[in-house]
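Inside the fold
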Amino acid sequence: MQNIHFVSEENDQIVEAVRALVQKCFKDVSEEVKYGGILFASGVQFAGVFAYKAHVSVEFRRGAGIVDAFDHLEGAGKGRRHVKLRSVDDLKNKQLAQYLALAFDAAMNT
């Protein structure tokens with residue numbers, strides 16, 4: 001995994017934690033730097049991580065197709081949804097691993 005720096009040290013840590021979690025959850029995942037963030041694919045693109053000044057956003061390509069049992073998804077667009085992270089602890093607190101699996105399933109089933 002290549003080290004990439006973003007807006008702040010704290011947000012860099014969040015982005016790196018997201019990347020590590022994705023690598024842990026998916027055996028054959030690739031990363032592509034695009035649109036100002038990192039896109040994740042495993043046969044199909046399913047998520048991306050983007051650092052902003054006040055938070056890090058993990059965006060799900062087909063997030064509108066996810067049943068949001070944890071009530072952390074944001075967005076009202078036609079297809080995408082996202083989870084905002086403001087600390088490394090938010091990865092666990094906002095059940096990001098579960099959302100990644102749901103996002104992968106949603107991307108595979110479209």
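All of the points below concern the structure found in this document. Per chain, residue numbering runs from 1 following the sequence as it is written. Owing to the predicted nature of the model, reporting of local features is limited to residues with pLDDT of at least 70; listing and counting of side-chain atom pairs is limited to 80 or more, with chain, interface and lining totals taken over all residues. Based on all heavy atoms of the structure, the side-chain values leave hydrogens and waters out of the count.

Re unusual backbone geometry
In this model, aspartate 71 sits at a positive phi of 60°, which is unusual for a non-glycine residue. What counts as a helix is a DSSP run of H or I of at least four residues, what counts as a strand is a run of E of at least two, and both are numbered from the N terminus. In this structure, aspartate 71 sits in the loop between β4 (56-60) and β5 (81-85). Buried residues are those whose accessible area, probed at 1.4 Å on protein chains only, stays under 20% of the maximum for their type, while exposed residues exceed 50% and partly exposed ones sit between those limits. Overall, the relative accessible area of 64% leaves aspartate 71 in the exposed class.

Quick look at the environment of valine 58
Structurally, the position occupied by valine 58 is in strand β4. Exposure remark for valine 58: the relative accessible area of 0% places this residue in the buried category. Counting along the chain gives 30 residues from valine 58 to aspartate 28, while the straight-line C-alpha distance between them is 19 Å. Residue contacts are defined here by distance: any two heavy atoms, one from each residue, within 4.5 Å place the two residues in contact. Leave out the neighbours within four places in its chain, and valine 58 touches Val18, Gly48, Val49, Arg81, His82, Val83, Leu85, Leu96 and Leu100.

Section: the side chain of aspartate 90
Mapped onto the elements, aspartate 90 comes out in helix α2 (residues 90-93). Of the side chains bearing the opposite charge, lysine 94 lies closest to the buried aspartate 90, which forms no salt bridge; the N-O distance is 4.4 Å. For aspartate 90, the contacting residues outside a window of four places in its chain are Lys84, Leu85 and Gln95. For the purpose of charge, His is not counted, nor are the chain termini; Lys and Arg are scored as positive and Asp and Glu as negative. Salt-bridge detection follows one rule: a side-chain nitrogen of Lys or Arg within 4 Å of a carboxyl oxygen of Asp or Glu.

Description of the pattern of salt bridges
Scanning all chains against the criterion turns up 5 salt bridges. Ionic pairing is found between glutamate 16 and arginine 19, a salt bridge with its closest N-O pair at 2.9 Å. Of this pair, glutamate 16 and arginine 19 both sit in helix α1 (residues 9-25), 3 residues apart, which is roughly one turn of that helix. A salt bridge links glutamate 31 to arginine 19, with the nearest nitrogen and oxygen atoms 2.6 Å apart. Separated by 12 residues along the polypeptide, glutamate 31 in strand β1 (residues 30-34) and arginine 19 in helix α1 bring together distant segments of the chain. What makes arginine 19 buried here is its relative accessible area of 1%. Residues participating in the shared-partner salt-bridge network are Glu16, Arg19 and Glu31.

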